[in-house]
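# Close look at the chain arrangement
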Amino acid sequence: MEPTIAKTEKKEGAGVPIDTLKITDTRTNKQYEIPIDDGTIRAIDLRQIKIDDADFGLMSYDPAFMNTASCKSRITFIDGDKGILLYRGYPIEQLAEKMSYLQVAHLILYGELPDKKQLAEWTEHIRLHTFVHENVKRLIEGFRYDAHPMGIFVSTLAALSTFYPEAKHVLDQDTRQKQIWRLIGKVPTIAAFAYRHSLGMPYVYPDNDLSYTENFLSMMFRVAEAKYKPSPVLARALEVLFILHADHEQNCSANAMRSIGSSQVDPYCAAAGAAAALYGPLHGGANEAVLRMLDEIGTKDKVPAFIKDVKDGKGRLMGFGHRIYKNYDPRAKIIKKMADEVFDVTGKNPKLEIALELERIALQDDYFVKRKLYPNVDFYSGLIYQAMKFPVDMFPVLFAIPRMSGWLAQWQELITDPEQKIARPRQVYLGYQRRNL
Ligand code: CMC
């Protein structure tokens, strides 16, 4: 007999209506009533459901967290069916149009956009922390000339923990605040040093007269100029890309940041773990994978054959699909619109026409339509990065720089949430029971 789960019903208890879920366990015919709060039941409430006293109790099984909320959060909201993304309630389209990355980082971290004074202070704190210890430079110099910059980035984040041992006092708010300034201030420097290392070029120190993105471009591309002044269009485009990548609720790397952070390790080690999660091709490494895919396809006429291979299971259409979005990713829409402004300055990326053709065919094809696979943030971002002369290897790093604000906001929320404890999932054990040698 199938177990029956009774419909949710309203119950009037002590004046407060409580929604509950009634469960009948057909193994025992016992009935249970479990409270529903914020559209969820607590998995721990299932534990009371037992076949006898020796039974451990019922658990839920949810590989890949397909339907499990791991936290309560007030940072980012996504409606995947409608293609809506809000940071602290503000639509991503408005933030991308009107704000700077540092304004948005402040919003994500502290819940509100900064006023003039707050913005000046916040910017100053970040500026004061853009330099890295000379030994960090030496650490980066120790990598092979062809080391992937994301490997350098991940390792250097972890290494920072040895430079700031006080960061381990994660329960102290002032200490946490200082590491937030440091991490947001230093990530562009580490990223740019990793790039310069691959070229064997001298590292460019931060120029604190410049904005956050201008300074990053200067550290990346300055050669012999007395003062590097990037194109305002490109600096703004990077600003928008940074805003779009700043947070995305409980994605794989945010979950890594929270999971590692729940052990109360310092934020440098937790951020290194988050960046490592981001590096994978199914997550932030997808922007790099998209460009490699476009290279492999080569010309527009090869697109139908490529799509057929994808449908035959010979690989994925990178930059398409999303766990949450079952509609066009709003970030991809903004990037696609912005691409023309960038290409007016840089010249058109010849791979754009392959990407447009992929999108055109995929959006009409039953395979993609049925599975609700649409372009995600990584589909068009790489084309812009490449036109701006960033090498393909740098793409995941370009994702990681702005995502630092999101990781830190998720980490702060975790540390200050009295309900959170060390993350420790359960398992369904299917191996041998005890056996003797
Ligand atoms: N190309 C072809 N088929 C796909 C794709 C794709 N890009 N994505 C999903 N599918 C198919 C998949 O094969 C499955 O088909 P079936 O039901 O026949 O087995 C179905 O769609 C559902 O896919 P899934 O793997 O169960 O979905 P998921 O939610 O576990 O995966 C994803 C989400 C983003 C990992 C996946 O869509 C993917 O691998 N996309 C390509 C990589 C990518 O662009 N990642 C960037 C994500 S957005 C930015 C970020 O998070 O960093």
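Residues numbered from 1 in each chain as written. Predicted model: local features only at pLDDT ≥ 70, side-chain atom pairs only at ≥ 80, totals over all residues. Heavy atoms only, no water.

## Here's the deal with the state of the cysteines
Inspection of the entire model under this criterion finds zero disulfides. C252 takes part in no disulfide bond, and the closest cysteine sulfur, belonging to C71, lies 14 Å away. (Disulfide = S-S within 2.5 Å.)

## Details of the pairing of strand β4 (residues 76–79)
Pairing of β4 with strand β5 (residues 84–87), which is carried by four bridges, proceeds in the antiparallel orientation. Across the sheet, residue D79 finds its bridge partner in β5, namely I84. As consecutive antiparallel partners, β4 and β5 are separated by four residues, and within that stretch G83 has a phi angle of approximately 70°, a positive value. (Pairing = 2+ DSSP bridges. Helix = DSSP H or I, 4+ residues; strand = E, 2+ residues; numbered from the N terminus.)

## Brief notes about the pattern of salt bridges
One side chain can pair with another of opposite charge once the charged atoms of both are near each other. What the rule picks out here adds up to 22 salt bridges. Across the pair R292 and D393 runs a salt bridge, and its minimum N-O distance is 2.9 Å. Taken together, the positions of R292 in helix α11 (residues 286–297) and D393 in the loop between α16 (377–387) and α17 (395–415) put the pair 101 residues apart, joining distant regions of the chain. You can call D393 partly exposed: its relative accessible area is 27%. (Salt bridge = Lys/Arg side-chain N within 4 Å of Asp/Glu carboxyl O. Buried < 20%, exposed > 50% of the residue type's maximum accessible area, 1.4 Å probe, protein only.)

## What to know about the site of the ligand
For the ligand, the set of nearby residues contains 21 residues, the closest of which are H283, R316, L317, G319 and R323. Note that an oxygen atom of the ligand is positioned 3.3 Å from one of the backbone N or O atoms of G284. Between the ligand and Y367, the relevant distance is 3.0 Å, taken from a nitrogen atom to a side-chain nitrogen or oxygen of the residue. For the shell around the ligand, the residue count by class is eleven nonpolar, six polar and four charged. (Near = heavy atom within 4 Å. Polar contact = N/O pair within 3.5 Å; in protein donor to acceptor, adjacent residues only side chain to side chain. Nonpolar A, V, L, I, M, F, W, Y, C, P; charged D, E, K, R; others polar.)

## Focus on the domain arrangement of the chain
Structurally, the chain comprises domain 1 (3–61), domain 2 (100–280 + 394–415) and domain 3 (286–387). Using C-alpha coordinates to define each centre, domain 2 is positioned 27 Å away from domain 3. Counting from both sides, the interface comprises 17 residues of domain 2 and, opposite them, 21 residues of domain 3. Contact with domain 3 buries area across many residues of domain 2, yet L244, H248 and F395 alone supply 38% of it, more than any other trio. Our count for the domain 2 to domain 3 interface comes out at zero salt bridges. Joining domain 2 to domain 3, the criterion identifies three residue pairs in polar contact (both at pLDDT 80 or more). Where the side of domain 2 that touches domain 3 is concerned, the elements lending two or more residues are α8 (232–244) and α17. Ranked by residues supplied to the side of domain 2 that touches domain 3, first place goes to α8 with seven residues. (Domains from an automatic or database assignment. Contact = heavy atoms within 4.5 Å. Buried area = accessible area lost by both parts, 1.4 Å probe.)

## Examining the packing of helix α4 (residues 134–141) against helix α5 (residues 149–163)
Packing of α4 against α5 leaves a shortest axis separation of 11 Å and a crossing angle of 145°. Read as a crossing pair, α4 and α5 show a hand that is right-handed. On α5, the residues that touch N135, V136, L139 and I140 of α4 are I152, T156, A159, L160 and F163. (Axes fitted to C-alpha atoms, helices over the stretch in contact; angles between N-to-C directions. Left-handed = near helix turned anticlockwise from the far one by under 90°.)

## Observations regarding helix α10 (residues 267–279)
The terminal C-alpha atoms of α10 lie 18 Å apart, and with 13 residues this matches the ideal 18 Å at 1.5 Å per residue to within 8%. Three or more residues of α10 are buried, namely P267, Y268, A270, A271, A272, G273, A274, A275 and L278. Buried residues along α10 sit against α5, α6 (173–199), α9 (252–261) and α17. With a side-chain oxygen lying 2.9 Å from the backbone nitrogen of Y268, the N-terminal cap of α10 falls on D266. (Expected span 1.5 Å × (residues − 1).)

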